[in-house]
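A structural walkthrough
Listed here are the chains, written in short residue letters.
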Amino acid sequence: MYTDQALFTFVDFEILESILYDTSGIKGKNRIIVEEDAQKIELEIAELLVDFEVLKNEELQTIDSYCIHRFDGSTSLKNNSDFGYWIIKYKKLIIEWEKFIDKAWFERR
């Protein structure tokens, strides 16, 4: 299933990293590999998360009662819809789904 919007509430958290891959300085390339070609910029989490669309998430580690998670995705038009990621350490995550829409394109229908 894929969903419409969701609200994530992190309890007892700390932002470890908040990165934007800025491609605005890349000229004349047909294929961009963001990790190699783009400028990696630390960005305030509040700015990175405006219209951020999560495309991939990964649990990196669990330490004691904390989880460390990485969220990769695309950013707002203000940031050229470039890719970015953020890493968060948290104790508890509450997800409130707006609605389930249908099966995703990669699921069997």
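In the block above lies the structure referred to throughout.
**A word on the overall build of the protein chain**
The helix and strand tally for the protein chain stands at two helices and seven strands. Going from N to C terminus, the protein chain has its helices and strands arranged as β-β-α-β-α-β-β-β-β. Burial analysis of the protein chain (109 residues in total) assigns 28% to the buried set. Once local pairs closer than 6 in sequence are excluded, the contacts in the protein chain between residues at least 24 apart make up 56%.

**Here we look at the sheet that holds strand β3 (residues 39-42)**
If you trace the five strands from one edge of the open sheet to the other, you get β3-β2-β6-β5-β4, paired in antiparallel fashion. Either end of the sheet is taken by a strand with one partner, and the two such strands are β3 and β4 (53-63). Each strand of the sheet is rotated relative to its neighbour by a mean of 30°, with strand direction disregarded. Alignment of strand β2 (residues 6-22) against β3, held across four bridges, turns out to be antiparallel. Residue pairing across strands places Tyr21 opposite Lys40, the latter belonging to β3.

**Side note on the pattern of salt bridges**
One pass over the full model with this rule turns up four salt bridges. For Asp12, the salt bridge goes to Lys91, with nearest N and O atoms at 4.0 Å. With Asp12 in strand β2 and Lys91 in strand β6 (residues 83-97), the pair connects residues that are 79 residues apart, well separated along the chain. Residues Asp37 and Lys29 are paired through a salt bridge, measuring 2.9 Å at the closest nitrogen-oxygen approach. Residue class for Lys29 comes out partly exposed when judged on its relative accessible area of 44%.

**Describing the environment of Asp22**
By the element assignment, Asp22 lies in strand β2. When the C-alpha atoms of Asp22 and Asn80 are compared, they prove to be 8.0 Å apart, with 58 residues separating the residues in sequence. In this view, Asp22 contacts Ala38, Gln39, Ile41 and Asp82; residues no more than four positions away in its chain are not counted. At 2.8 Å, the side chain of Asp22 and the side chain of Ser24 are in polar contact.

**Section: unusual backbone geometry**
Unusually for a residue other than glycine, Asp64 sits at a positive phi of about 50°. Position of Asp64 among the secondary structure elements: in the loop between β4 and β5 (66-74). Of note in the backbone geometry, Ser81 takes a positive phi value of approximately 55° without being a glycine. As for its placement among the helices and strands, Ser81 is situated in the loop between β5 and β6.

**Description of the packing of aromatic side chains**
Inspection of the entire model under this criterion finds nine aromatic pairs. Seen from their ring centres, Phe10 and Trp86 are 5.9 Å apart, and the 85° between their planes marks the pair as edge-to-face. Here the residue Phe10 occupies a position in strand β2, and Trp86 occupies one in strand β6, the gap between them amounting to 76 residues. Here Phe10 falls in the buried class, since its relative accessible area comes to 15%. The buried category is assigned to Trp86, whose relative accessible area is 6%. Ring centres of Phe10 and Tyr90 lie 5.2 Å apart, and the angle between their planes is 65°; on these two criteria the pair is classed as edge-to-face.

Rules of the game
- Along each chain, the written sequence defines residue order, and numbers are assigned to residues from 1.
- Given that the model is predicted, a residue must reach a pLDDT of at least 70 before its local features are reported, and side-chain atom pairs must reach 80 or more before they are shown or counted; all residues, however, enter totals for whole chains, interfaces and linings.
- Values shown for side chains rest on all heavy atoms present in the structure; no hydrogens or waters enter the calculation.
- What counts as a helix is a DSSP run of H or I of at least four residues, what counts as a strand is a run of E of at least two, and both are numbered from the N terminus.
- Think of it in three bands: with a 1.4 Å probe and only protein chains considered, a residue is buried below 20% of the maximum accessible area for its type, exposed above 50%, and partly exposed in between.
- Here a residue-residue contact requires only that any non-hydrogen atoms of the pair lie within 4.5 Å.
- The pairing criterion for strands is at least two bridges between them, as found by DSSP.
- Helix axes are fitted only over the stretch in contact, all axes being lines through C-alpha atoms; the angle between N-to-C directions runs from 0 to 180 degrees.
- One speaks of a salt bridge when a side-chain nitrogen belonging to Lys or Arg is within 4 Å of a carboxyl oxygen belonging to Asp or Glu.
- What qualifies as a polar contact is a pair of N or O atoms within 3.5 Å, subject to a donor-acceptor requirement within protein and to the restriction that residues adjacent in sequence count only when both atoms come from side chains.
- Here is the rule: rings of Phe, Tyr and Trp (six-membered ring for Trp) pair when centre to centre is within 6.5 Å. Planes less than 30 degrees apart are stacked, more than 60 are edge-to-face, and the remainder are tilted.

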